[in-house]
Amino acid sequence: MKTGTILAMAGAAMFMFGTGADAAPKKKRSATAAPAAPAPAPQPAVFVPEPPFVPLNGCPAPGAGTLPAAQKLDKKAKGKFSLTKAPLIATLPAAEVCANNQRMRSGGVAGEASLGLSAQVMNTRSARLDLFAMPATELELRAVLDRFAKAWPYAPLERTPKILFRASDAYEAQALPDNTIVVSLGLLEAAESDSEVLFVLAHEYAHLLLGHFTKAEAISGAKKSATAISQVYQVGSFANSLRGSGSVSGALSNAQSGAARSGRDAARLSEALTFAVDDIVAPSWNRDQEDQADALAIDLLIGSNMTIDTYANVFARLQKAFEAEKASRDKREALANTLQDSLTSSVKSMANAGTVTSLATGGSISALGTNLLKGTGSSLLNNIGSVTKAVGGDTHLPPEERRKGLAAYYQAGYPTADPPIDTGAMIGRIKANPEFNRATMLKANYIRARQSYFDGNYGGADQQLRALGAGTRQTPTFVNYVAGLSARDAGNTAMAASYFDAGRSGSGVQNLQLYESYAEMEINTRDTAAAEAVIGDGVAKFKDPDHFKSIEIKRELASGDAAGAQATYGQCMAVKGRDYIPERCKAAMPQAAQAKKNPLGIDLPFGN
Amino acid sequence: MARVGTYLLCIGALATGLAMAGPGEAKRSKSDTASAPAAAPYAGPVIKAYKRDPLPIFDDAGDVVREVTRGALPPIGTEGARVVRAKPGFVGIMLDGELAWLRMSMVDYVGDVKAIKCNATTIEYAKLEEEGLDQSLGLGCAK
């Protein structure tokens, strides 16, 4: 790669975090640590002020006659669209909106768990996404949200949502319960008119206004997926354990080398799945909530005198993707089967009793114990199918049906509306801003680098990620995270630690997964003190000690503190409302899970 | 129609490519089109929904010239509902042998939207993430 290209890429990575390329503190180990990326050219900083707090005074409600009277939708025209009257904004019960608003302000569903739902979602979804800031674009879009707020006569959000961007080609947007809206760069790239972007923003904003995060159905998806999540983490932890031992023993037999290779393969696949888990674990809207968000989006657009000319393009793009997905269902199943075969093959190899015993007695993983490995391997062999099969499923109305329903909704609710013409001015400004080009370059290069990592080309991934600023605090956290994974898998834990440290001390959007991977790496290299520091930092930053319980158990087992592990396990089993946490603790300490099933303490044979 | 392919345009792209007028200038751009060269012929997908009944028909200047009841309009999804012209805010269909401009906010019409750009990684993860992407707007990649 030419130096000029590298410099350009580094510049692209840095633009959102100002200037200066001070490297992260290096660990004191012997380090073939990565040199910091070259200092980028200074970029003009765009300051995005924190949106002000908006108090909730009383329970606001629309004045009489300020909203159009609700009309019935044509039953035949609306099809499967769930709303029967339009506009929705004229039919909402103010008291219920207020109650939901207050719950959102207090962090989510009271009594679901010790941690509010808001923080749960943040720690399981946004904290795992490859997010970054685009200040100029955020300022442009925040002005739109401020206009929506003026068109909303009910309880206001406690602040105008922050807008973050995802380094992804996917056509997607998400609302998060802390009043953050995430827009993928792929969506902005695809948008060819203002109405598309405005509709998407209004749709996500509507989810927040309607307090959908406070509805019970929003967390049902996570419960369904708890087992799959647990197994994904079992694969990753198990493979990482073996990989750690392989690098230490140094004189592996052919069989052991094969196991180590399988371990690497399984780890890579499990990393792929943990990326997927970002969304699986997160709450899902149900069909009604999705229809409501579509409807309120139209209400907000009309109420704030914004264009709706080509919002149907959003559904057209989604429909294309939907049809392609249906058409490729066989391919998807084939992918799932391949994944399953690979994992099964890897785990079989690793769970071979002789290999495991040999590794466990000669390597550095003895503290974890052969029973743990055997138990984990056996559990995976029995359950691996559900990991891949649990991924997928269509639950929402097809986009074309949503478009039809919304057409009927608009006809019934707005028979005389005359919204302005779509001039394309806003999307034109966004795409003409140099920030946009830098962001698309960053995204493309990051995806390429991530693919190199998944392909096992660690050297290539490292070079590509360093060109994006890996090793510095100013680059997006996900760049340092993947660089850390790549260095770890290449066997250079010192370099990996350097990248992880840069990520956790950096100015990017913090990524909880980085803390988990970092702590696990330290556990596997027997540096349990370092692991404890990383876990402590993660607990402090994410304010979610329960989330780290499973890793804490692993650390305690690795440091020989069986009593401590047992105590933490007990605390973990008491966590309510977040099924994936006890599942992960069971995966971390299958002996305890097995002992509970077998209170007499009889040593059950491998396979139970 | 000769060289139809040459003139295939996406409505959105057309709108984006035109002057960056603010909302206040939108009306002016309507009247500006009266003296502007005729919009490029368009042979794209069809109108998918009429959202007014009766539906206003506009002239080249952007003024309402008449209203047509749903029953007198070509059925949605048929050749008759094919969009033959497009300009910001309006699409044109042939009605009784004459060009009739329809306001885009009163119909559902999508141009030839591009498939979402994907690379192998994105496709792979989009498929893995299908359930998650379903939760809001996205369905990942089309390829």
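Cut-off values and rules
Residues numbered from 1 in each chain as written. Chains lettered and ligands numbered in written order. Predicted model: local features only at pLDDT ≥ 70, side-chain atom pairs only at ≥ 80, totals over all residues. Heavy atoms only, no water. Helix = DSSP H or I, 4+ residues; strand = E, 2+ residues; numbered from the N terminus. Buried < 20%, exposed > 50% of the residue type's maximum accessible area, 1.4 Å probe, protein only. Contact = heavy atoms within 4.5 Å. Areas by Shrake-Rupley, 256 points an atom, 1.4 Å probe, with all protein chains shown as cover. Phe/Tyr/Trp six-rings, centres within 6.5 Å; stacked < 30°, edge-to-face > 60°. Lys NZ or Arg CZ within 6 Å of the ring centre and 35° of its normal. pLDDT = per-residue confidence, 0-100. Expected span 1.5 Å × (residues − 1). Polar contact = N/O pair within 3.5 Å; in protein donor to acceptor, adjacent residues only side chain to side chain. Disulfide = S-S within 2.5 Å. Pairing = 2+ DSSP bridges. Core = buried A, V, L, I, M, F, W, Y, C linked by side-chain atoms within 4.5 Å.

Draft legend 1. Examining the overall build of chain B more closely. In terms of regular secondary structure, chain B is built from four helices and seven strands. For chain B, the N- to C-terminal ordering of α and β elements is α-α-β-β-β-β-β-β-β-α-α. Expressed as a percentage of its 143 residues, the buried residues of chain B come to 50%. Here the contacts in chain B between residues at least 6 apart in sequence split such that 61% fall between residues at least 24 apart. Only carbon and sulfur atoms are counted for the fraction: they give 57% of the accessible area of chain B, which is about 6,200 Å².

Draft legend 2. Representation of the packing of aromatic side chains in the model. With the rule as written, the count across this model stands at 14 aromatic pairs over all chains. On the numbers, 5.3 Å between centres and 70 degrees between planes, the contact of phenylalanine 58 of chain B with phenylalanine 90 of chain B is edge-to-face. Taken together, the positions of phenylalanine 58 of chain B in strand β2 (residues 55-58) and phenylalanine 90 of chain B in strand β5 (residues 90-95) put the pair 32 residues apart, joining distant regions of the chain. Under the relative-accessibility criterion, phenylalanine 58 of chain B is labelled buried at 8%. The structure contains a cluster of three or more aromatic residues connected by ring pairs, namely Phe132, Tyr446 and Phe478 of chain A. The ring of phenylalanine 90 of chain B carries lysine 87 of chain B above its face, with NZ or CZ at 5.4 Å from the centroid. Geometry around tryptophan 101 of chain B places lysine 87 of chain B over its ring, the cationic atom sitting 4.3 Å from the centre.

Draft legend 3. Quick peek at the confidence of the model for chain B. Residues and elements named next belong to chain B. The pLDDT averaged across chain B works out to 62; a share of 47% of its residues lies at or above 70. Ranking the elements of chain B by mean pLDDT puts helix α1 (residues 11-17) last with 30 and β2 first with 97. Confidence over residues 115-143 falls short of pLDDT 50; this stretch has 114 contacts with residues more than four positions distant or in other chains.

Draft legend 4. How the structure looks around helix α22 (residues 512-524) of chain A. All names here are of chain A. Between the first and last C-alpha of α22 there are 19 Å, a value that for 13 residues agrees with the 18 Å anticipated at 1.5 Å per step. Counting buried positions along α22 yields 13 of 13 residues, so the element is predominantly enclosed. The opening residue of α22, the one whose side-chain oxygen lies 2.8 Å from the backbone nitrogen of glutamine 513, is asparagine 511. Just downstream of α22 lies arginine 526, where phi reads positive at about 70 degrees.

Draft legend 5. Molecular detail of the state of the cysteines. Residues and elements named next belong to chain A. Scanning the entire structure with this criterion turns up two disulfides over all chains. The residue that forms a disulfide with cysteine 59 is cysteine 98, at a sulfur-sulfur distance of 2.1 Å. Judged by the sign of its S-S torsion, about 120 degrees, the cystine formed by cysteine 59 and cysteine 98 is right-handed. Note that cysteine 59 is positioned in the loop between α1 (3-14) and β1 (71-72) and cysteine 98 in helix α3 (residues 94-105), a separation of 39 residues in sequence.

Draft legend 6. Structural view of the pairing of strand β4 (residues 83-87) of chain B. Residue and element names in this part refer to chain B. Extensive coverage of β4 is indicated by the burial of four of its five residues. As paired strands, β4 and β5 are joined by four bridges and run antiparallel to one another. Bridged to valine 83 within β5 is isoleucine 93. A loop of two residues connects β4 with β5, the two strands running antiparallel in sequence, and glycine 89 in this loop sits at a positive phi of about 85 degrees.

Draft legend 7. Geometry of unusual backbone geometry. Residue proline 87 of chain A follows alanine 86 of chain A across a cis peptide bond; omega there is 0 degrees. Mapped onto the secondary structure, proline 87 of chain A falls in the loop between β2 (85-86) and α3. For the bond running from aspartate 53 of chain B to proline 54 of chain B, omega is 5 degrees, close enough to zero to count as cis. With a phi close to 55 degrees, asparagine 305 of chain A is a non-glycine residue in the positive phi region. Looking at the secondary structure, you find asparagine 305 of chain A in the loop between α11 (287-303) and α12 (312-327). Exposure remark for asparagine 305 of chain A: the relative accessible area of 44% places this residue in the partly exposed category. Backbone geometry at arginine 526 of chain A places phi at a positive 70 degrees, although glycine is not the residue there. Positionally, arginine 526 of chain A belongs in the loop between α22 and α23 (528-542). According to the relative accessible area criterion, arginine 526 of chain A is partly exposed, its value standing at 27%.

Draft legend 8. The arrangement of the nonpolar core in detail. Of all hydrophobic cores here, the largest spans 110 residues; its most connected members are Phe148, Trp152, Tyr409 and Leu465 of chain A. Tallying contributions element by element places helix α7 (residues 194-209) of chain A first for this core, with ten residues. Apart from residues no more than four positions distant in its own chain, phenylalanine 148 of chain A is found in contact with Leu198, Leu201, Ala202, Tyr205, Leu300, Leu301, Ser304 and Met306 of chain A. If you look at the next biggest cluster of nonpolar residues, it comprises 22 residues, including Ile47, Tyr50, Ile93 and Met106 of chain B.

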